[in-house]
Amino acid sequence: MPLIVQSLSPLASEDIDTLRALADAPGLTATAPTVASAEACAPLDAALRDALDDFCGPRAIDWAILPARLRLSDFRLVAMDMDSTLITIECIDEIADFCGLKAEVSAITEAAMRGEITDFNESLRRRVALLKGLDASVLDRVYDERLRLSPGAERMLDAVRAAGLRTLLVSGGFVHFTEKLKTRLKLDYTRANTLEIVDGKLTGRVVGEIVNADVKARTVRETCAAIGARPDQAIVMGDGSNDLKMMAVAGLSVAFRAKPVVRAQAGVAFNHVGLDGLLALLSA
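Conventions used here
- Residues numbered from 1 in each chain as written.
- Predicted model: local features only at pLDDT ≥ 70, side-chain atom pairs only at ≥ 80, totals over all residues.
- Heavy atoms only, no water.
- Axes fitted to C-alpha atoms, helices over the stretch in contact; angles between N-to-C directions.
- Helix = DSSP H or I, 4+ residues; strand = E, 2+ residues; numbered from the N terminus.
- Parallel < 35°, antiparallel > 145°, perpendicular 65-115°, else oblique.
- Contact = heavy atoms within 4.5 Å.
- Nonpolar A, V, L, I, M, F, W, Y, C, P; charged D, E, K, R; others polar.
- Buried < 20%, exposed > 50% of the residue type's maximum accessible area, 1.4 Å probe, protein only.
- Arc of directions from axis to C-beta.
- UniProt positions renumbered as here; feature names shortened; annotations may be inferred.
- 1 Å grid on protein atoms, 1.4 Å probe; cavity = no way out; pocket = protein on both sides within 12 Å on 5 of 7 lines; lining within 4 Å.
- Points joined across faces, edges and corners; volume = space filled by probe spheres on them.
- Pairing = 2+ DSSP bridges.
- Left-handed = near helix turned anticlockwise from the far one by under 90°.

(A) A look at the packing of helix α1 (residues 13-22) against helix α2 (residues 46-56). Interaxial distance between α1 and α2 falls to 11 Å at its minimum, and their mutual angle equals 170°. What the angle tells us is that α1 and α2 run roughly antiparallel. Here Asp15, Thr18, Leu19 and Leu22 of α1 lie close against α2, whose contacting residues are Leu48, Ala51, Leu52, Phe55 and Cys56. In terms of residue class, the contact of α1 with α2 is built from 7 nonpolar, 1 polar and 1 charged.

(B) Highlighting helix α8 (residues 153-162). Along α8, the positions that sit buried rather than exposed are Ala153, Met156, Leu157 and Val160. The arc that holds the buried residues of α8, viewed along the axis, is 95°, so those residues lie on one side. Exposed and oriented more than 90 degrees from the buried face of α8 are Arg155 and Ala162. Buried residues along α8 sit in contact with β5 (77-80), α3 (82-86), β6 (166-174), α9 (175-185), β9 (234-238) and α13 (278-281). Positioned one or two residues after α8, Gly164 has a phi angle of 90°, which is positive.

(C) Representation of the UniProt feature "domain: DUF4072" (unreviewed entry) in the protein chain within the structure. The UniProt feature table records "domain: DUF4072" (unreviewed entry) at residues 3-52. Between the end C-alpha atoms of residues 3-52 there is a gap of 11 Å, over a span that is 34% helix and 26% strand.

(D) Summary view of empty space enclosed by the protein. One pass over the structure, following the stated rule, counts 1 cavity of 30 Å³ or more. Residue lining of the largest cavity: 18 residues in total, with Asp83, Glu90, Phe120, Gly172 and Gly173 positioned closest to the centre. At 4 residues, the largest contribution of residues to the lining of the largest cavity is made by β6. Across the lining of the largest cavity, the residue classes tally to 6 nonpolar, 5 polar and 7 charged.

(E) How the structure looks around the sheet that holds strand β1 (residues 3-7). Reading across from one edge, β2-β3-β1-β4 is the order of the 4 strands in this open sheet, with antiparallel pairing throughout. Among the strands making up the open sheet, the edge pair consists of β2 (29-32) and β4 (61-65). Neighbour-to-neighbour, the strand axes of this sheet turn through a mean angle of 25°, independent of strand direction. As defined by bridge partners, β2 adjoins strand β3 (residues 35-38) across 3 bridges and the pair is classed as antiparallel. Paired with Ala32 across the two strands is Val35, which belongs to β3.

(F) Looking closely at the packing of helix α7 (residues 137-145) against α9. Following both chains from N to C, one finds α7 and α9 inclined at 45°, their axes separated by 10 Å at the closest point. Comparing their axes, α9 and α7 come out oblique. Considering only the axes of α7 and α9, their crossing is right-handed. Two secondary-structure elements touch here, α7 through Leu139, Asp140, Val142 and Tyr143 and α9 through His176, Phe177, Lys180, Leu181 and Arg184. Here the contact of α7 with α9 is composed, by residue class, of 5 nonpolar, 1 polar and 3 charged.

(G) Structural detail: the layout of surface pockets. Approximately 250 Å³ is the volume attributed to the largest pocket. Arg49, Asp53, Trp63, Ala269 and Asn271 are, among the 19 residues lining the largest pocket, the residues nearest its centre. Counting residues per element, the ones that place at least two in the lining of the largest pocket are α2, β4, α12 (260-265) and β11 (268-270). Here the lining of the largest pocket takes 5 residues from β4, the largest share from any one element. Considered class by class, the residues forming the lining of the largest pocket number 11 nonpolar, 4 polar and 4 charged. Within this model, the second largest pocket holds a volume of roughly 160 Å³. As for the second largest pocket, its lining consists of Ala112, Gly115, Ile117, Thr118, Phe120, Asn212, Ala213, Ser241 and Asn242.

Shown next, in the form of structure tokens:
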């Protein structure tokens, strides 16, 4: 089972030595200043997971043990959540800030993403209802003034595109943002929720089917079918409980700066490195 460790800062040789012993990975060597890998290590069990978390966490090191050495060419699709994954913000929270309700909306968002609210549809309706009457121009202000890409996003997308993979942005957020990002980042497919707007104002309602966990998983499967790929040829990246079902259908699931419930179930967790940490896991 290959072991890959990476950090934003150069890895200390003594840390590599400790990890070599901790994971029974005698071949662990630096392949770049911030990356070390070994072709084989001890099987991943709860004890090894805890030991690696305890050692790596305080040192801002991300670790991954893969079932086999994987290449980008093993995959056909990269599917990403938007809010707090491809981008650093939760768009609905920032929209709510313009009507003085950010704290209230953020609390619902956080509970939903942690899995404490199990009915995503209802949680979204509750949050969107609080936006009723807000001028729709606020959506552009959030995009222009507050939306930022997560670290490593463009480098990761450039690499997967160069390797011939297709890209899907599937979000419980809003079409207004996914469509702008689709054009900006040359994404192949997007799926998100539509906010109802009448006379230039948000009505407090969502139009059409809500993109919840089931819809996200279905969208990944349908996109794979459309490009002639199997779901296990998809890489799925997300951060909240709404992403777990689509992560479960993927060949490789990546929890990015994720909630504990997601880190516990994902194949790989990036707590410190950027989205381009994916490239250290998968050779071209």
